[in-house]
Amino acid sequence: MGGITITSPPAVTEMRGADGVAGLVLPIEAYRLDGEQRLTLDRARSILIDDCMRRFGIDRRQPAAATGRAGPEPMSRRYGVTDPAVAARWGYHLAPGEGTVARTKPGAAVPPAEMLVWTGSEDGRPAPAGQPTRTYQGHEVPAGGCAGEAGRKLQLTSPEDIAEHLATSIDFNAFDQARTDHRVRQVFGRWSACMHEQGYNYLDPLTAAAAADLRPATPSTAEKRTATADVACKTRNNVVGVWFSVESAYQTAMIQAHAQDLRAAQQRIEVVVRNAQAVLDRVGG
């Protein structure tokens, strides 16, 4: 994702110390729905869609949004493996449940007529602009079906309404610029020297992770040893702290350059979440 870059390395006011990523939150996350907000939105949309479908005599309840962990941890594996216990047990493989989203099982296939009420078209695809109003058993189907109606009630009609694309662009571009920043390259050099002392030859943590064979279901002993050394060298040289601090500075600079759009996005998020919470409050959720 291009188009958002910082031409000069931004100043870092404080180089944070960090052994791992627990508790680290990048600046751009303030302009995105967090995990709990996404759960609130998903639950409210399901309730509104169910209510609408029942008006048409269709009782096809949407799967309830998952409870428990709200979603993937934004920092999970961003800087490679950073937890010594995970490295010792799983190497570069993901530990069970790590960085994943709890998902509901898909329901049975939806008949075309019900799909029309649900989404506004028999195949679930967006209807072409200017399409005549559709009906189901003599009743007019809302534009975009019940899903479209739910979005309008929440004042959320598309992901662009909360500038998800802009936030994602900043997320990707700041990461790319930070990993080539001279301060991050310097700490990579110290990490590489530390790894060399233990018999490994990698330029940076990303190349070490990329070299791992993740095809087997479980890691090899060699992989676990490499990952353990990787984490130890990150800790010894404060790789995560430096990398996070520099990346945060790039994100902050990009946020400042797009402040007006992001402020508007933040306000829209607040409105959408407030509307969603009102739906849950109405049904005691």
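Residues numbered from 1 in each chain as written. Predicted model: local features only at pLDDT ≥ 70, side-chain atom pairs only at ≥ 80, totals over all residues. Heavy atoms only, no water.

(A) Inspection of the overall build of the chain at higher detail. Each helix and strand in the chain was counted, giving 10 helices and two strands. Counting only residues that meet the buried cut, the chain has 45% of its 285 residues in that class. Sequence separation of at least 24 residues holds for 80% of the intrachain contacts in the chain that already meet a minimum separation of 6. Accessible area of the chain: about 15300 Å², with a carbon and sulfur share of 52%. (Helix = DSSP H or I, 4+ residues; strand = E, 2+ residues; numbered from the N terminus. Buried < 20%, exposed > 50% of the residue type's maximum accessible area, 1.4 Å probe, protein only. Contact = heavy atoms within 4.5 Å. Areas by Shrake-Rupley, 256 points an atom, 1.4 Å probe, with all protein chains shown as cover.)

(B) Focus on the state of the cysteines. Evaluation of the coordinates by the stated rule reveals two disulfides. With its sulfur 2.1 Å from that of its partner, C52 forms a disulfide with C146. Taking the sign of the torsion about the S-S bond as the criterion, the disulfide between C52 and C146, at about -70°, is left-handed. Residue C52 is found in helix α1 (residues 35–55), and its partner C146 is found in helix α4 (residues 145–154); the two are separated by 94 residues along the sequence. Across the pair, C146 and C52 agree in class, each one buried. Paired by a disulfide, C194 and C233 hold their sulfur atoms 2.0 Å apart. Disulfide C194 to C233: torsion about the S-S bond roughly -80°, handedness left-handed. Linking C194 in helix α6 (residues 182–197) with C233 in helix α8 (residues 221–237), this pair joins segments that are 39 residues apart in sequence. Here the two residues C194 and C233 agree in accessibility, since each one is buried. (Disulfide = S-S within 2.5 Å.)

(C) Layout of the packing of aromatic side chains. Tallied over the full model, the rule gives four aromatic pairs. Between Y79 and W243, the aromatic rings sit 4.6 Å apart at their centres with planes inclined by 35°, giving tilted as the arrangement. Of this pair, Y79 sits in the loop between α1 and α2 (84–90) while W243 sits in helix α9 (residues 239–257); the two residues are 164 residues apart in sequence, bridging distant segments of the chain. Look at W243 and you get buried, because its relative accessible area is 0%. On the numbers, 4.9 Å between centres and 80° between planes, the contact of F188 with W243 is edge-to-face. One end of the pair, F188, is in helix α6; the other, W243, is in helix α9, with 55 residues separating them in the sequence. (Phe/Tyr/Trp six-rings, centres within 6.5 Å; stacked < 30°, edge-to-face > 60°.)

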